[in-house]
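Structural description and commentary
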Amino acid sequence: MRLPFVLILAAAIACVRAHGASDETSATPAVLQPLPALNVGTGSGAASLNLGAFFGIPGATGQVVQLNTTLGKINIELRDDKAPATVANFLSYVTSGAYDHLLIQRLVADFIFQTGGHTLGGSTVYDVQSLGTVVNEFNLSNTRGTLAMAKVGPAEGQDPTPETINSATNQWFINLVDNSANLDNQNGGFTVFAQVLGTGMSVADAIAAIPTYDASGLFGGDFTDMPLYNYTGGSLQISNLVVIDSLPLLPLLSVESTNPAIITASITGATLATSQLVLVPQAAGAAGITVRAADTSGHVVESTFIASSTGVTVGAGQAAAFRVANTAAATFQWQRFPAGGAGWADIHDGDGYTGTTTASLMVPANLVAAGDQYHCIVTAVGAGTTTTAQRITVLGAAPSVVHQGSPLAIAGGGASAGTKYFAKGLPKGLKINASTGQITGTVASGPGVYSYTAWSQVGKTKSAVTTRMLVVQPFLPAMTGAFEGLLFSTGGVPSGKIAILVAANGAYTGTMTYGNGFVAKLKGVLALNALNSSASASIPLKGGATLAIAVDRDGVFTGSLTLPGTPPSVDTMVGGAKVGGYGASSPAPWQGSYAMTLGDVYNYGTLPAPSGAGHMVVTIAPTGVMSLRGKFSDGTVVTGSYATDADGTYRPMIMPYKRAWSYAAGFLPLSPRDGQPSTYHVASGRGQDFYWSKNASTKDKVFPAGFGWLGLNLVVEPWTPVADVGALATKLGLGSGRTLTLLVSRADAGAIQGLSNQSPNNTYSLPVTVTLPASGTTATLTGSGTSSLTATVNLADGSFTGTMNLAAVGSMPARVVPLEGTFLQLVAPAAGDTVGQGFFLLPGATKTAPKLGGLIKLSVPASTP
């Protein structure tokens, strides 16, 4: 750990309390000019268009990164124009995932808050591994809302040196006030590499209002001024920590094609100035292309045009563009054949056109005329060719644009007395009002470009027939696909799960599974908001309950379930996200085989509950789908398959009991292993938001009284099959003696039956160690004592099953106790590390007495033989 990354505060705090700089940077997008209708003839390769001239996003010209903090989103613009090396350094941590789950470790009111050095992995704080120092690039002032690099200060009384000036590595801070008078004038100046956009400083200010505590005793010297959220003293909880959970790169521009089978569309370039629209023709036809510009406060503007591989169709007042293949060592000359004209003639840039002697021709709106044709004479070395003529079709009005699922209302010709209005060829779901000419409805057809004709009629006199275009855009890609989220009750435990599938037209199907056993089938159409940035639905359910769901353009799934009552109660969706997206061509990076334990039970109730650890064999396919097979620690068999989101988090709701409020549910978050970024696991301490409950049932042989909510600590580690006992012992960190420390215990050991192998409760003389054989391709755990233990290990998946043979003690008869569990392959397991967990089911003293459960835990001994 690099200590300390110090900002020199001496006597400087008092002079930075005044807010000197302006607050948030405004960033409201605008369409500067409509995108031109474009010909992208088949066989001519990709067409590109620089978008910087068509859109404006004031205050945001660089790449944008979103800081998803505990208290909200802060969007920042990277200033690689002023600090290129520092921005590249910052992005290397962002794109590698090294900054995921960053702790805000230091807060000084009216000054800065600092992060970048430490991440949270479950209940463990890890150092961000430094990639080395970066050269100081002090070119921008440390005003409010800027981000700057932290670095090592010179020793007290000493002048800065090149080593201290250029000592920045991974830690950085946000200036909460204007710190230019201080930070611009010490240690070579602190390098500003980014600035907060939009309303992000309101989130930063909310973080700045959090009380700070000296947590250096827990985490080290960097944490003397640590902000702790909703902390009231006592034991520190993960929810008290202020975290930047993720830092995704945000595209300022996005594009979609209504028909990728005809023309595919994409955008290259990380900034507005460098963004290029790239269109690739796939077949003859037309597609609607919508380019969307979004600022970081949720404002969206868009421009739609029709791209065609057979001609150009433009709306009133719209420019047009033609192109041919940009052949090397060729010259180009565009010609025009005017509608009703006598023949082809060269055109020139001086006439108002652009690109008349290049591979791309732009026809300005004032020169667009219906029926005009254009072609290009391409002269290669020693030969000439003429392209196929392309005709311009000019509509009477600009194309109408509607998103799937959005109500459409196109104003007609008016409501003149005696006039009737007609339309032919309208897409399914639309109709025209004969009295007003208004076209209304919701398009039921798929996305695409639709042409229809419209006219009016007074008596028998018919007006001219006009051709119009309707571009039907699909939902934003981030709003389509599969979504999942867990409902949590006001008590903070899972109460249900919602899963939906959203189609390109906004139609959704799915289910809501509630903890009381109620399953609701969900079906309908999501309604887009005015900004096309989110879509929602309110769904009435049986019994007067209402489910509200919404998806947004970031793929975030939100919702709530309102239950009738006085007052009504509301269960809120937590952790909703888009799931899926992986496959053979883009496999989930965490695919493979794993072993899982569900142990270290925390009992929130008072009823006896299993204290053992459940175990699972886990397989994750290239699609990211996780398959579970194993048992809970009450002996209940568990199987299931679950989808992942983009970050490797699963949301299982396991309901094997088929009765109300009897299930396990929560979050299962995979993350890269420390030091092994290509290998994933769920480390001990992660998955603390996983709960288990079981209602009473007289039919149960195990825990018939049931138990309330139990907290389960999930541990998931990769499992590589081993060939023999020697390889297994190596994986478990054992020496040649193959000995493991054994813990056999009951949570209520002191009260009922006294089953424990820990002195002074070892009344059954249970073994305190077990031993693997010295060699061989089969593995059997053996433990000697008056009550012995034996278990067989499956080398393919790490699971083990066996028995303890309890001797008779006092009035207790001899009994055979079944046990099972799994081993875990940790990274370099050390003395005391738990490398295996499981459970046993203790038969009652009589045949009619219920079984109770307990814990089997195996760990690396303090010293190996």
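Just above, that's the structure.
Residues numbered from 1 in each chain as written. Predicted model: local features only at pLDDT ≥ 70, side-chain atom pairs only at ≥ 80, totals over all residues. Heavy atoms only, no water.

**A short note on the packing of aromatic side chains**
- Going through the model one piece at a time under the given rule, you end up with 24 aromatic pairs.
- Centre to centre, the rings of tryptophan 590 and tyrosine 680 are 5.4 Å apart; their planes meet at 70°, and the pair counts as edge-to-face. Of the two residues, tryptophan 590 is situated in the loop between strand 48 (569-579) and strand 49 (592-603) and tyrosine 680 in strand 58 (residues 676-681); the sequence distance between them amounts to 90 residues.
- A relative accessible area of 3% places tryptophan 590 in the buried class.
- Look at tyrosine 680 and you get buried, because its relative accessible area is 14%.
- Note on tyrosine 663 and tryptophan 709: the rings are 5.5 Å apart at their centroids and 70° apart in plane angle, and the pair reads as edge-to-face. (Phe/Tyr/Trp six-rings, centres within 6.5 Å; stacked < 30°, edge-to-face > 60°. Helix = DSSP H or I, 4+ residues; strand = E, 2+ residues; numbered from the N terminus. Buried < 20%, exposed > 50% of the residue type's maximum accessible area, 1.4 Å probe, protein only.)

**Comments concerning the pairing of strand 51 (residues 626-631)**
- Residues Met626, Leu628 and Gly630 of strand 51 are buried on one face, while the alternating residues Ser627, Arg629 and Lys631, pointing to the opposite face, are not.
- The sheet contact formed by strand 50 (residues 614-620) and strand 51 spans six bridges and is antiparallel. Bridge assignment links threonine 619 to a residue of strand 51, and that residue is serine 627.
- With six bridges connecting them, strand 51 and strand 52 (residues 637-642) associate as antiparallel partners. Pairing of leucine 628 across the sheet is with glycine 640, part of strand 52.
- Where strand 51 folds back onto strand 52 in an antiparallel hairpin, the turn is made up of five residues, including glycine 635, whose phi is positive at roughly 90°. (Pairing = 2+ DSSP bridges.)

**Topic: the pattern of salt bridges**
- Evaluation of the coordinates by the stated rule reveals 14 salt bridges.
- Close ionic contact of glutamate 820 with lysine 631 constitutes a salt bridge, the shortest N to O distance being 3.1 Å. With a gap of 189 residues between them, glutamate 820 in strand 66 (residues 815-823) and lysine 631 in strand 51 connect regions that are remote in the sequence.
- The buried category is assigned to glutamate 820, whose relative accessible area is 14%.
- For lysine 631, a relative accessible area of 25% translates into the label partly exposed. (Salt bridge = Lys/Arg side-chain N within 4 Å of Asp/Glu carboxyl O.)

**A closer look at the side chain of serine 745**
- Relative to the helices and strands, serine 745 resides in strand 61 (residues 739-745).
- When sequence neighbours within four positions are dropped, the list of residues in contact with serine 745 reads Ser611, Leu755, Ser756, Phe840, Gly854 and Leu855. (Contact = heavy atoms within 4.5 Å.)

**Examining the nonpolar core**
- Leu728, Leu781, Phe823 and Phe840 are the most contacted members of the largest nonpolar core, which has 37 residues in total.
- In this structure leucine 781 touches Leu740, Val770, Thr771, Leu772, Leu789, Thr790, Ala791, Val793, Phe823 and Leu858, once residues within four positions along its chain are discounted. (Core = buried A, V, L, I, M, F, W, Y, C linked by side-chain atoms within 4.5 Å.)

**Some points on the environment of arginine 323**
- Secondary-structure assignment places arginine 323 in strand 25 (residues 320-323).
- On the basis of relative accessibility, which here comes to 8%, the residue arginine 323 falls in the buried class.
- In sequence terms arginine 323 and threonine 358 are 35 residues apart; their C-alpha atoms lie 8.6 Å from each other.

**Focus: the pairing of strand 22 (residues 286-294)**
- Among the nine residues that make up strand 22, eight are buried, leaving the element largely enclosed by the rest of the structure.
- Here strand 22 runs beside strand 23 (residues 300-308); their pairing, made up of nine bridges, is antiparallel. Across the sheet, residue alanine 286 finds its bridge partner in strand 23, namely serine 308.

**Focus: the sheet that holds strand 51**
- Strand order in the open sheet made by the eight strands is 52-51-50-49-60-59-55-54, with antiparallel pairing throughout. Because the sheet does not close on itself, it has two edges, and the strands there are strand 52 and strand 54 (653-654).

**Considering the sheet that holds strand 35 (residues 430-432)**
- Across the sheet, which stays open at both edges, the three strands sit in the order 33-36-35 with antiparallel pairing between neighbours. The outermost strands of the open sheet, each flanked by one partner alone, are strand 33 (407-410) and strand 35. This sheet shows a mean twist of 15° between the axes of neighbouring strands, independent of strand direction.
- Here strand 35 runs beside strand 36 (residues 439-442); their pairing, made up of three bridges, is antiparallel. Across the sheet, leucine 430 pairs through a bridge with glycine 441, a residue of strand 36. (Axes fitted to C-alpha atoms, helices over the stretch in contact; angles between N-to-C directions.)

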